[in-house]
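Close look at the chain arrangement
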Protein chains: 2
Amino acid sequence: MTVTFKDVKADLLDQIARGVMAPGTLMPNEMDLAETYGCARATVNRAMRELADEGIVERKRKAGTRVRKAPIRQARFSIPIVREEIEAQGAEYRYALIDRTVAEVPDWLRGRLALTPGQQVVRVVCMHWADGMPYQHEERWINPEVVPSVLRADFSASGPNEWLLAEIPFSNAEISFMAVEATQDLADHMGCFAGNALFRTERTTWLRERAITLVRLTYRRGHRMTTKY
Amino acid sequence: MTVTFKDVKADLLDQIARGVMAPGTLMPNEMDLAETYGCARATVNRAMRELADEGIVERKRKAGTRVRKAPIRQARFSIPIVREEIEAQGAEYRYALIDRTVAEVPDWLRGRLALTPGQQVVRVVCMHWADGMPYQHEERWINPEVVPSVLRADFSASGPNEWLLAEIPFSNAEISFMAVEATQDLADHMGCFAGNALFRTERTTWLRERAITLVRLTYRRGHRMTTKY
């Protein structure tokens, strides 16, 4: 019976899983493995290539092949536009503006965004619904010194996220993930109880050293933000 | 007075910020800009190169340079080992094992990890402290079919995360971020009140189609997980 690359790969994987070859272990060279399995070297090579592609082993030109330690230590999250996120779930998107005001920048925000005392900011509060259920509550502050056109935008028909993306680019952003207890006001909008734990992302975007916006996106109770890596 | 690349860059940035050049706009070519600013083409080129490096404009060989729309839509999070995360903050790390049991896999977990009914799993509960304050509560299930050595590991001195990384590689993982309300037990460990909102990550790791572990990491109240992009 011919030994295929799948047989070789399965056996190597089994040895890795059983700890015969622990993370960091230098694997035998392809010639020796070919002899062990009684197959061509090309067969071993293909098995190794697939293990390398899957991030299980690491091949270095001169140092040989090792079982990887902690193969991947970074996860990537895409930052979606909420309308697209809801529509991708096959749900119907609905938008509602709750409040839009122009006021003097509050002290806490002035610090966060490095704004000038007394400067005006536009605050927008709105809701995003999926199939008639509250999905996300958005509270956002926009800096009209960087985006003067925001003073003319009323956000009655659509939200400030897509509007901003069409209006101005950003060069850097900071995003935080956290849990918050719903205030009574937030609970009323989200259809939950005050004190319930809600998942929130808070993001600031900048055009070089000038702050464009700070936004707090609070999701419905039970929301999970998931990614594979 | 000579026009420097910094002058050109600042002026272009100002036009972008003021919306004179909105996202998606095709920018004038370098020759024309050089004429406008009364400087060498190389000066304009350098300004453009920096704007491109900062993700503000996008240069395409034949299509010219455009102001970027929504420049970066992905954030990367590193998945730290909690000891390293705490030590990086300059705090003293302390570990405490709360419980380690071997038991039949509960139904909810069997579904999550595609395990066999009646199979044994190792459950480990432990705490990670920073400067004597509760930092992270860890609840983890490990599959001994994939990592048999876990049956001999007692986790009394150090946690299962680093142990697993040294024991077995993983080829893929799924991570979720969420908010949970603290149970009384969790509140007791974390030094908060039952019902408080806590930030949690839940992660499963796999060696191809075989589940290695599911872990729930719940952070102290007020924790923010932050990244720049």
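Each value, and the rule that gives it
- Residues numbered from 1 in each chain as written.
- Chains lettered and ligands numbered in written order.
- Predicted model: local features only at pLDDT ≥ 70, side-chain atom pairs only at ≥ 80, totals over all residues.
- Heavy atoms only, no water.
- 1 Å grid on protein atoms, 1.4 Å probe; cavity = no way out; pocket = protein on both sides within 12 Å on 5 of 7 lines; lining within 4 Å.
- Points joined across faces, edges and corners; volume = space filled by probe spheres on them.
- Helix = DSSP H or I, 4+ residues; strand = E, 2+ residues; numbered from the N terminus.
- Nonpolar A, V, L, I, M, F, W, Y, C, P; charged D, E, K, R; others polar.
- Pairing = 2+ DSSP bridges.
- Axes fitted to C-alpha atoms, helices over the stretch in contact; angles between N-to-C directions.
- Contact = heavy atoms within 4.5 Å.
- Buried area = accessible area lost by both parts, 1.4 Å probe.
- Salt bridge = Lys/Arg side-chain N within 4 Å of Asp/Glu carboxyl O.
- Polar contact = N/O pair within 3.5 Å; in protein donor to acceptor, adjacent residues only side chain to side chain.
- Core = buried A, V, L, I, M, F, W, Y, C linked by side-chain atoms within 4.5 Å.
- Buried < 20%, exposed > 50% of the residue type's maximum accessible area, 1.4 Å probe, protein only.
- Least-squares fit on C-alpha atoms with pLDDT ≥ 70 in both.

**Brief notes about the layout of surface pockets**
Residue and element names in this part refer to chain B. Empty space within the largest pocket amounts to approximately 230 Å³. Asn-29, Glu-30, Lys-60, Gly-64 and Thr-65 are, among the 13 residues lining the largest pocket, the residues nearest its centre. Contributing elements (two or more residues each) for the lining of the largest pocket: α2 (30-37), α3 (41-53), β1 (57-60) and β2 (64-67). Tallied by class, the residues present in the lining of the largest pocket amount to 5 nonpolar, 3 polar and 5 charged. Size it by volume and the second largest pocket reaches roughly 200 Å³. For the lining of the second largest pocket, the per-class residue count stands at 5 nonpolar, 5 polar and 3 charged.

**Re the sheet that holds strand β5 (residues 120-130) of chain A**
Strands belonging to one sheet form pairs held by backbone hydrogen bonds; the direction of such a pair is parallel or antiparallel. Taking strand neighbours across the sheet as the criterion, the 7 strands line up as β4(A)-β5(A)-β6(A)-β9(A)-β8(A)-β7(A)-β10(B) in an open arrangement whose pairing is antiparallel. Both edges of this open sheet fall to β4 (93-104) of chain A together with β10 (225-228) of chain B, since each of them pairs with a single strand only. Each adjacent strand pair in this sheet contributes to an overall mean axis angle of 15 degrees, direction not counted. As judged from the 7 bridges shared by strand β6 (residues 133-142) of chain A and strand β9 (residues 210-219) of chain A, these two strands associate in the antiparallel manner. Following the sheet pairing, Trp141(A) is matched in β9(A) by Leu214(A).

**Brief notes about the interface of chain A and chain B**
Across the contact, 63 residues belong to chain A and 63 residues belong to chain B. Roughly 5,500 Å² of surface becomes buried between chain A and chain B when both sides are summed, with 53% attributable to carbon and sulfur atoms. Connecting chain A to chain B are 6 salt bridges. As a salt-bridge pair, Glu174(A) and Lys228(B) come within 2.9 Å of each other at their nearest N and O atoms. One can count 16 residue pairs in polar contact (both at pLDDT 80 or more) joining chain A with chain B. By residue number, the principal contributor to the side of chain A that touches chain B is strand β7 (residues 172-181) of chain A, which donates 10 residues. Across 4 bridges, the pairing between β7(A) and β10(B) is antiparallel. Bridging from a neighbouring strand, Ile175(A) pairs with Thr227(B) of β10(B).

**Here we look at the side chain of His223(A)**
Along the chain, the position of His223(A) falls in the loop between β9 and β10 (225-228). Look past the residues within four positions of His223(A) in its chain and what remains in contact with it is Glu85(A), Tyr135(A), Phe199(A), Phe177(B) and Met178(B).

**Here's the deal with the nonpolar core**
Grouped together as the largest cluster of nonpolar side chains are 110 residues, with contacts concentrated most on Leu12(A), Phe177(A), Leu12(B) and Phe177(B). Among residues more than four places away in sequence, those in contact with Phe177(B) are Phe77(A), Phe177(A), Phe199(A), His223(A), Arg224(A), Met225(A), Phe199(B), Arg200(B), Thr201(B) and Met225(B).

**Description of the relation of the copies chain A and chain B**
After a rotation of 180 degrees and a shift along the axis of 0.0 Å, chain A superposes on chain B with an RMSD of 0.0 Å. When the rotation and shift are considered jointly, the pair of chain copies conforms to a two-fold rotation axis. When the interface residues of chain A are mapped onto chain B, 100% of them are again interface residues, pointing to one common binding face.

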